[in-house]
Amino acid sequence: MFDMKHAAVPASPTAYADAVATAVRAAEAYYADGSTPLGDDEYDALLRSITAYEQAHPDQVLPDSPTGKVAGGAASGDVPHSVPMLSLDNVFSAEELDLWAAGLERRLGRPVAGWCVEPKLDGLAVAARYRAGRLVQLVTRGDGLAGEDISHATGAVLGLPAELGEPVDVELRGEVLLTQSQFEQANAVRLAHGATPFANPRNGAAGTLRAKDRAYRVELTFFAYDALGLPEPAHSELLERIAALGANTAAATAAGPRHCTDVAQVQQRIAEIGALRAALPFGIDGIVIKADAAADQEQAGSGSRAPRWAVAYKLPAVHKVTRLLEVEWNVGRTGVIAPRAVLEPVEVDGVTITYATLHNPADITRRGLLIGDQVFVHRAGDVIPRVEAPLTEQRTGAEREIVFPTDCPRCGDAIDTSQQRWRCVRGRGCQAVASIRYAAGRDQLDIEGLGGTRAVQLVDAGLVTDLADLFTLTREQLLILERMGDTSADNLIAALAAAKAQPLHRVFCALGVRGTGRSMSRRIAAHFGSMAAIRAADAEALAGVDGIGPEKAAVVVAELAELADVLDRLAALGVGTAVTAPTAPATVSGSSAASASAAEDGPQGPLAGQAVVVTGTMTGPLAALSRTETNELIERAGGKASSSVSKRTTLLVAGDKAGSKRAKAEELGVRVVTPEEFAELVGELLV
Ligand code: IVH
């Protein structure tokens, strides 16, 4: 099997033959039923590698090679085309288009009389034959010379009238596709009939057009872009005439055909259509530029594969193939448990995608996805990327099932699976249980006796909905809970009293503000010195904290605004009011009253002022610590932990197999120590 991922020029005649066989199989599958073992980009890369080999070894070109053939030589049929249905040459940039246009004008020996610029519809080419205005036959493009009779499909194609407005003999040529809503409708119908969903609209159109005797109907749309038998002086006028006869053309859309007088206007219209792409209700894979005047077209003529008077300006693919690495289950604010695909990063339309929506668990099952699958991912404009379908032909056997959660991943309670969208049975309350559990955790308020079950009980009993409620609990209230005796209640009340006196950074951390973990909470607490100062901080003030950029600052400000009520109540209850020394002038009056109790939060200790990076395998006393624990140790020692070496780094702890970070540190003259030397530096803090 040819290795598509590394579609380099084949190194031997056997590798070349393998590449040809792979391309032929892919084209055959595509033209047979719309399925595809390869993504468009992989197929294009494969064709390029085959072409390169053939250019270097013209004597070895195999007869079944797909190069230079319409439809990769795969499609055929027994209905001859009176005039060949050609393909188009491609350009990929404004410069290439300029060159192409200049070439055409050189060939004509004069300027082109005007251009027609229109969308390149991403579907399948068909020829619709009308006799005396009546639709009599629908034929696929096939190999360009003969196609297949698909007249059975005519009733399902919108925009292709059974009868035209005039009794003309004409052959309309155009593209049949599934619009976005038809695609969604088609997949819903297929799923209802137990069929697998289409991978993308184009495959869906291919599969639908050729299918006969289906138990369900899938509606398609036709867009005409040419006609035989309707003489008009210009292509743009021909399109108007086609529309006037009652057939659908792209003129009905925002990206419709435009007459342009020169190439500069053409480039501008290309940019406009490109910008409209994401909002169009159907897929386009490029823009077609045609010499408008019939006389120019006639004089330029055609090659065996493509006309010389038209070219396709290709747009980047919006359907890309990548690997599904994992599925994450995220619980939203309303308790909805949504799956999200973690992908091998892939660039789609200029943006690197690492996550894509998977809608809901039923959708995963219907698509038959497995972890490790090669999948189609779609992204256009600002639309959230989505996983479309797996490329089942590419499976290696190493794929594994996607494990669905049996309990809510956030609070551990049951999941309501009665609807397509799964929800934690607690709904919005899920958040409360999870927040309380987090706040009570060892690294936050460390409240003993407030484990998972207790948090659930307190929320269920309506006693606690947020962090502040915890500190209003009374012994009597606790005693109404099941399995809560006198001693447990006393212990919990004592633990809560102790929690109230926890230092500011722990209380702040307990709030679970997005983007602020333990280390960041320490830094924020040290910077502002009091909860009041934190609460009053705007984005600018927050951006003064080491490690907070403008983006994170905005998130924290928004989170604090949401938590305003909780913060007020905590302050009124005296939680988190232990005064701490700010490291920067605080904006709130009173907070400058730095006290002697700054020891825990101030940047003091053996690593004060140091920016520390840890890399490689730790040995000695550090071997027992996770990387997070090591980073916490650094922060405890007054340093700042970071994951990458930069000019700001002052110390690198390099364990075994410390690779590029060590090299970089040495290059930058950063001090490098062994884990054992580092353990000595931090001394007794390492316990
Ligand atoms: S003109 C001889 N115009 O793109 C003229 N083709 O990659 C050839 N296509 O085979 C076609 N939108 O299936 C033309 N506005 C458009 C088109 C278009 C889509 C398809 C058509 C063609 C293929 C070439």
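The residue numbers shown here count from 1 along each chain, following its written sequence. Local features in this predicted model are restricted to residues of pLDDT 70 or higher, and side-chain atom pairs are both shown and tallied only at a pLDDT of 80 or more, whereas totals for entire chains, interfaces and linings draw on every residue. In computing side-chain properties, one takes all heavy atoms of the structure into account and sets aside hydrogens as well as water.

Asks: Quick question: what am I supposed to make of the overall build of the protein chain here?
Replies: Within the protein chain, the regular secondary structure consists of 23 helices and 23 strands. Here the radius of gyration uses the C-alpha set of atoms, whereas the globule reference equals 2.2 Å times the residue count to the power 0.38. A globule of 687 residues ought to have a C-alpha radius of gyration of about 26 Å, yet the protein chain, at 33 Å, is considerably larger. Each principal axis of the C-alpha distribution contributes one length, and for the protein chain these read about 95 × 60 × 50 Å. Residue contacts are counted whenever heavy atoms from the two residues lie within 4.5 Å of one another. Of the contacts formed within the protein chain by residues at least 6 apart in sequence, a portion of 67% connects residues at least 24 apart. Carbon and sulfur atoms make up 52% of the accessible area of the protein chain, which amounts to about 31300 Å² in all. Neither His nor the chain ends is counted toward charge; the positive residues are Lys and Arg and the negative residues Asp and Glu. Note on charges: their place is set at NZ of Lys, CZ of Arg, CG of Asp or CD of Glu. Once the 66 positive and 85 negative side-chain charges of the protein chain are each reduced to a mean point, those two points are 2 Å apart. Helix and strand definitions here come from DSSP, where helices need a minimum of 4 consecutive H or I residues and strands a minimum of 2 consecutive E residues; each element is numbered from the N-terminal end. All accessible areas in this document rest on Shrake-Rupley with a 1.4 Å probe, and a residue is counted as covered only by the protein chains that are shown.

Asks: Even after reading the chapter, I still don't get the site of the ligand, so can you show me in this structure?
Replies: As a matter of local geometry, the ligand sits amid 14 residues, with Glu118, Leu121, Arg141, Glu175 and Lys290 nearest to it. Here Glu118 contributes a side-chain N or O atom positioned 2.8 Å from a nitrogen atom of the ligand. In isolation the ligand offers 520 Å² of accessible surface; the protein chains occlude 90% of this area. At the level of elements, strand E3 (115-121) and strand E11 (284-291) are the ones that each hand at least two residues to the shell around the ligand. In terms of residues, the shell around the ligand owes the most to one element, E3, which gives 4 residues. For this scheme, ten residues count as nonpolar: Ala, Val, Leu, Ile, Met, Phe, Trp, Tyr, Cys and Pro. Four count as charged, namely Asp, Glu, Lys and Arg, and the remainder, Gly too, count as polar. Taken together, the residues that form the shell around the ligand break down as 8 nonpolar, 1 polar and 5 charged. A single heavy atom is enough: if one lies within 4 Å of a molecule or strand, its residue is considered near that molecule or strand. Any N or O atom pair separated by 3.5 Å or less is treated as a polar contact, with the protein-specific requirement of one donor-capable and one acceptor-capable atom, and with residues adjacent in sequence counted only for side-chain atom pairs.

Asks: Explanation requested: the confidence of the model for the protein chain in the structure shown.
Replies: Low-confidence regions, as indicated by low pLDDT, have predicted coordinates that should not be scrutinised in detail. The predictor attaches a confidence to each residue, and that confidence, scored 0 to 100, is pLDDT. On average, the protein chain scores 88 in pLDDT, and the residues at 70 or more come to 93%. In the predicted structure, residues 585-602 sits below a pLDDT of 50 and forms 26 contacts with residues beyond four places in sequence or in another chain.

Asks: Would you take a moment to explain the pattern of salt bridges for this structure?
Replies: Two side chains that carry opposite charge are able to pair once their charged atoms sit near each other. Each reported salt bridge corresponds to a side-chain nitrogen of Lys or Arg within 4 Å of a carboxyl oxygen of Asp or Glu. Applying the stated criterion across every chain yields a total of 35 salt bridges. Glu635 serves as the salt-bridge partner of Arg523, at 3.1 Å between the closest nitrogen and oxygen. Here Glu635 lies in helix H21 (residues 627-636) and Arg523 lies in helix H16 (residues 518-528), a separation of 112 residues in the sequence. Judged by its relative accessible area of 17%, Arg523 falls in the buried class. Only protein chains enter the accessibility calculation, which uses a 1.4 Å probe; a residue whose area is less than 20% of its type maximum is buried, one above 50% is exposed, and one in between is partly exposed. Given a relative accessible area of 10%, Glu635 falls into the buried group. Residues participating in the shared-partner salt-bridge network are Asp466, Asp469, Asp565 and Arg569.

Asks: Mind showing me how you'd approach the side chain of Thr179 here?
Replies: Tracing the backbone shows Thr179 in the loop between strand E8 (170-177) and helix H4 (180-192). You can call Thr179 buried: its relative accessible area is 13%. Contact partners of Thr179, with chain neighbours within four places excluded, come to Thr221, Pro281 and Phe282.

Asks: What should I look at first to understand the sheet that holds E3 in this one?
Replies: Reading across the sheet, the 5 strands line up as E2-E12-E11-E3-E10 and stay open at both edges, with mixed pairing between neighbours. Only two strands of the sheet have a single neighbouring strand rather than two, namely strand E2 (90-91) and strand E10 (258-260). Two strands qualify as a pair provided that DSSP identifies no fewer than 2 bridges between them. Relative to E10, E3 is paired through 3 bridges, and the arrangement is antiparallel. From the neighbouring strand, Val117 faces E10, where its bridge partner is Arg258. Its contacts with the sheet put helix H6 (residues 235-245) on E3, E10 and E11, and the angle it makes with E3 is roughly 55°. Simply put, an axis is a line fit to the C-alpha atoms, just over the touching stretch for a helix, and the angle between two N-to-C directions goes from 0 to 180 degrees.

Asks: Help me out: how do you make sense of the sheet that holds strand E21 (residues 640-642) in this one?
Replies: Pairing between the strands of a sheet is mediated by backbone hydrogen bonds and can be parallel or antiparallel. The 4 strands lie next to each other as E21-E20-E22-E23, forming an open sheet whose pairing is parallel. Of all the strands in the sheet, just E21 and strand E23 (671-673) have a single pairing partner and so form its edges. Put simply, the sheet's adjacent strands are angled 30° from each other on average, direction ignored. Looking at chain direction, strand E22 (residues 651-654) and E23 are connected through 3 bridges and run parallel. Directly across from Leu652, in E23, lies its bridge partner Val672. Here H21 sits on the sheet in contact with strand E20 (611-615) and E21, set at roughly 160° to E20. Set on the sheet, helix H22 (residues 660-668) makes contact with E20, E22 and E23; between it and E22 the angle comes to about 145°.

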